[in-house]
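Structural characterization, general
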Amino acid sequence: MNNKKTIFSGIQPSGALTLGSYLGAIKNWVEMSKNYNCYYCIVDMHAITVRHTPAELRRRTLEQLAQYIACGLDPEKNTIFIQSHVSAHAELCWVLSCYAMFGELSRMTQFKDKSAKNVDNINAGLFTYPVLMAADILLYNADLVPVGSDQKQHVELARDIANRFNGVYGDVFTMPEPYIPKVGARIMSLSNPEKKMSKSDEDTGGCVYLMQSPEEIMRNFKRAVTDSETSIRYDAENKPGISNLIQIYSAVSGKTFKEIEEEFAGRGYGDFKAAVGEAVVEMWCPIREEAQRIMKDKAYLEAVYRQGAQRAEYVAGKTLRKVYKKLGFVAR
Ligand code: AQP
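The model shown is predicted, which means the values in this text are computed figures rather than measured ones.

**Some points on the side chain of R288**
On the secondary structure map, R288 appears in helix α11 (residues 269-296). Buried within the structure, R288 lacks any salt-bridge partner; its nearest side chain of opposite charge belongs to E289, at an N-O separation of 5.7 Å. If we ignore the near neighbours within four places in the chain, the residues touching R288 are L210, M211, Q212, S213 and P214.

Take a look at the structure:
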């Protein structure tokens, strides 16, 4: 074992990966994989809290795996796996649900948002989603959890649950910290910059997807909602559309907001939208081609997820056995 700190993070295959998934999560995962022990998961069990099509879930799970690898996550150096392949996630989730409070789960913003969107299917899984996420994180003794700002509340809840459990049984769980990128933590929809860019959004014009063609990406950027002014400056409150584009351009190019404002001083919104679109296309072109190539190699993908599950299971199993022992369950 090395002295590196551990990271856990996951994305649910509830839709095609977007610029939000990439800038809020995957781009940082790639950076962090150089210095940490990383567990990167495809959290398929989280994806069934809303009604889904089984064949699509299966296809998306494998596509997401290919995309993780194409984005630069090396399956030899990182543990990349599918959540439902490691049964400890569901088992620890049950234990932790006995240490999670109804009141705190009711306060989760994502639960409120998702139940408002799915009024005819407010199931218990939607409510206990953050408990499963706590199990995901705590099974691997993660020190850091790289997430977009929308998931910060869930990581904080995982800490509260871990703290409560440790308070009764001693130091069982490592206390995880959220790691939120400075730029790209909350990418907004291009068609409604008041709303987060989400892969399950029905308004696909507001999203930019990793696997879209350059033409489609450019079209969505060109249609991005802005404002009636003409100046390109960052002001999230009064100019959410332009500020979102500045944030995207900054995350992609590494330039500061000030540098971007200077670069585009006196130029029109049309020019700026095209420049942001081109930067995204350029960043993603090689990734898209590589993902398409990997997707065709089913045997390779199978070998990757099998190896990932085996490695993950080893660590998760150890944590689960410790938890069961502390709880007083008779060992098998
Ligand atoms: N728009 C975003 N900006 C920044 N980060 C984002 N993330 C998602 N959208 C944005 C980050 O990506 C990771 C994976 O998220 P997830 O798929 O597990 O859940 P989510 O946050 O619910 O993502 P979506 O796209 O909104 O999915 P649906 O539509 O299914 O609910 C997380 O780290 C998240 O912060």
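**Here we look at the site of the ligand**
Near the ligand lie 23 residues; those nearest to it are S14, D150, S198, K199 and S200. Measuring from an oxygen atom of the ligand, one finds a backbone N or O atom of G148 at 2.8 Å. Take K196: an N or O atom from its side chain is 2.8 Å from an oxygen atom of the ligand. A total of 640 Å² of accessible area belongs to the ligand in isolation, and the protein chains cover 98% of it. Of all elements in the fold, only β1 (6-11), α1 (19-32) and α5 (109-117) reach the threshold of two or more residues within the shell around the ligand. Here the element with the most residues in the shell around the ligand is α1; it accounts for 4 residues. Partitioning the shell around the ligand into residue classes produces 6 nonpolar, 12 polar and 5 charged.

**Quick notes on the pattern of salt bridges**
Tallying each qualifying case throughout the model produces 19 salt bridges. One salt bridge in this structure joins R233 and E229, with 3.2 Å as the shortest N-O distance. The class for E229 is partly exposed, based on a relative accessible area of 36%. Several salt bridges converge on common partners, so that one network encompasses D227, E229, R233, D235 and K239.

**Regarding the side chain of N244**
For N244, the location among the structural elements is in helix α9 (residues 240-253). For N244, a relative accessible area of 3% corresponds to the buried category. In this structure, N244 is in contact with R186, I187, M188, S189 and L190, ignoring residues within four places of it in sequence.

Scoring rules and cut-offs
- Residues numbered from 1 in each chain as written.
- Predicted model: local features only at pLDDT ≥ 70, side-chain atom pairs only at ≥ 80, totals over all residues.
- Heavy atoms only, no water.
- Helix = DSSP H or I, 4+ residues; strand = E, 2+ residues; numbered from the N terminus.
- Buried < 20%, exposed > 50% of the residue type's maximum accessible area, 1.4 Å probe, protein only.
- Lys, Arg positive; Asp, Glu negative; His and termini not counted.
- Salt bridge = Lys/Arg side-chain N within 4 Å of Asp/Glu carboxyl O.
- Contact = heavy atoms within 4.5 Å.
- Near = heavy atom within 4 Å.
- Polar contact = N/O pair within 3.5 Å; in protein donor to acceptor, adjacent residues only side chain to side chain.
- Areas by Shrake-Rupley, 256 points an atom, 1.4 Å probe, with all protein chains shown as cover.
- Nonpolar A, V, L, I, M, F, W, Y, C, P; charged D, E, K, R; others polar.

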